[in-house]
Amino acid sequence: MQLNKVVVAGGGVLGTQIGLMCAYTGKDVTFWLRSESSIGRTQPKIQRYSQLMLQDLLAAKALIGNPMGKLLYPKGLIRTWDGITAEQIDALAEQAKKRFAENVHIELDMGKALAGADVVIESMSEDPQAKIGVYTAMKDLLDEKTVLLTNSSTMLPSTFAPYTGCPERYLALHFANTIWKNNTAEVMGHPGTDPEIYNEVVKFADEINMIPLQLHKEQPGYILNSMLVPFLSAAQGLLATGVADHETIDRTWQLATGAPAGPFKILDIVGLETAYNINQMKPDAQVEGSVSNLIGKLLKEKIDRGETGVNAGKGFYDYK
C-alpha cells in the first residue's frame, strides 16, 4: 500500500505544517477547507511555514563541521546529517521550492478533495462535535482503500471511530509543533484498528521524515501531551489565580531548567484557541471560581481580542 495522495482536513497551525511536510517529502497534498474565508486564513500560513522551513534548511549549512550540528539540524528536512554538504542542502532547498509550488492544492468541495485519496488527515479544532460533523460528512465520500487519521491532541480515536464509516482504517497520528524540527509522530490505534493499517501508518510517518512513536494502547494526550498539558495547565493556573505574571512564570521555568521557551511562549505557538478548547473539556471548567474556570475566562478574553498566538501577531507576547 502506497500512501501518496494526502488530504489534510483543516488549515490550522499543525494542519498546515503537516501538509507542507508531506509535500516536502514528495506527496501530493490537498488542503480541504470549509469556506473562502478559511482560504484567506490558510494561505498566509502556507506561505509563512514554507518560508520558515526553507530558512531553517538553508541555515543548517552554517552547522556543517560544528560538533553541535548533529543536535541542532532540522531533522525533518535533512534525513541524514552524517556527510551532508552545503551543495546537498542547496539541492534540497530547490527541490522543496518546486514541490511546494506543484504539490500543494486547496479545495473547498469535499467530494473533489477526497476523490482518490490514499490518506486523509483530520486536523480540525479540538471540538468533539465539529470532528463528528466532519467525519459524518466524509464517510460516504471516502474510497474503500482510504486510511483516515486524526491529529487530535487529547481525544481518543475510539470516541470517533463509529462515525467514520471505516473504523478498521481509522487511527491517530499526532505531530508536535514545528514538525520539520521536532519530527515526532505518535501512532495510536483503537481496539478496532486493523494491525496492517497501523503498520502502514508507521511506514507513512517514516516516509515523511518523522520518527514514528508507537503507542500500545489508547491514552488521552498520547505520550507528549500527557506530560505537556498538565505542565501548561499548571502555568495557566499560576497566572489565572494571580500568583505571578506570565513573563515571571516563563523566566522561572527557563532559568531553572535551561529550556529555550517557557509555558506561555509555548501556548502562543500552540494557539490559545486550542488551549481554550482543551481547558473547557475539564470537568470543573464550568464551576464558577474553580481554577479551570478562571483559566477559561482568561483565555476567552484574549481570544475575543484577537490575541490568539503567534499567527495572530499577539498572544501572551507581542510578535508584531
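Above: the structure in question.
Here the structure is a predicted model, which is why all the values come from computation and not from measurement.

Peer 1: Just give me the short version of the overall build of the protein chain, but keep the residues and values in it.
Peer 2: Scanning the protein chain from terminus to terminus reveals 13 helices and eight strands. Against the compact-globule benchmark of 20 Å for 320 residues, the protein chain has a radius of gyration of 20 Å, which places it among compact chains. Expressed along its principal axes, the backbone C-alpha trace of the protein chain runs to roughly 55 × 50 × 40 Å. Residues classed as buried in the protein chain amount to 50% of the 320 residues present. Across the protein chain, every contact between residues at least 6 apart in sequence was considered, and the portion connecting residues at least 24 apart equals 68%.

Peer 1: Now, about the packing of aromatic side chains: what can you tell me, with residues and values included?
Peer 2: Per the counting criterion, the structure on display carries seven aromatic pairs. With a centroid separation of 6.5 Å and an interplanar angle of 40°, the aromatic rings of Tyr24 and Phe100 are classed as tilted. One end of the pair, Tyr24, is in helix α1 (residues 13-24); the other, Phe100, is in helix α4 (residues 86-102), and 76 residues separate them in sequence. Judged by centre distance (5.4 Å) and plane angle (75°), the rings of Tyr135 and Tyr170 are edge-to-face.

Peer 1: Provide a residue-level description of the sheet that holds strand β3 (residues 104-107), including the pertinent values.
Peer 2: With mixed pairing, the eight strands of this open sheet are ordered in space as β3-β2-β1-β4-β5-β6-β7-β8. The sheet terminates laterally at β3 and β8 (211-214), the two strands that pair on one side only. Averaged over all pairs of adjacent strands, the angle between their axes in this sheet comes to 25°, without regard to strand direction. Its contacts with the sheet place α1 against β1 (5-9), β2 (28-32), β3, β4 (119-122) and β6 (170-175), and it is angled at close to 160° to β2. Together, β1, β4, β5 (147-150), β6, β7 (184-188) and β8 form the strand contacts of helix α8 (residues 195-207), whose direction differs from that of β6 by roughly 25°.

Peer 1: Help me get a handle on the packing of helix α9 (residues 224-240) against helix α11 (residues 263-270), residues and values and all.
Peer 2: It is the contact of α9 with α11, at a shortest axis distance of 9 Å, that shows an interaxial angle of 110°. Our classification of the angle between α9 and α11 gives roughly perpendicular. For the element pair α9 and α11, the recorded crossing hand is left-handed. Counting all contacts with α9, which are made through Phe231, Leu232, Ala235, Gln236 and Leu239, the residues of α11 involved are Pro263, Phe264, Ile266 and Leu267. The class makeup of the residues in the contact of α9 with α11 is eight nonpolar, one polar and no charged.

Reading guide: rules and limits
Residues numbered from 1 in each chain as written. Predicted model: local features only at pLDDT ≥ 70, side-chain atom pairs only at ≥ 80, totals over all residues. Heavy atoms only, no water. Helix = DSSP H or I, 4+ residues; strand = E, 2+ residues; numbered from the N terminus. Rg over C-alpha atoms; globule rule 2.2 N^0.38 Å. Buried < 20%, exposed > 50% of the residue type's maximum accessible area, 1.4 Å probe, protein only. Contact = heavy atoms within 4.5 Å. Phe/Tyr/Trp six-rings, centres within 6.5 Å; stacked < 30°, edge-to-face > 60°. Pairing = 2+ DSSP bridges. Axes fitted to C-alpha atoms, helices over the stretch in contact; angles between N-to-C directions. Parallel < 35°, antiparallel > 145°, perpendicular 65-115°, else oblique. Left-handed = near helix turned anticlockwise from the far one by under 90°. Nonpolar A, V, L, I, M, F, W, Y, C, P; charged D, E, K, R; others polar.

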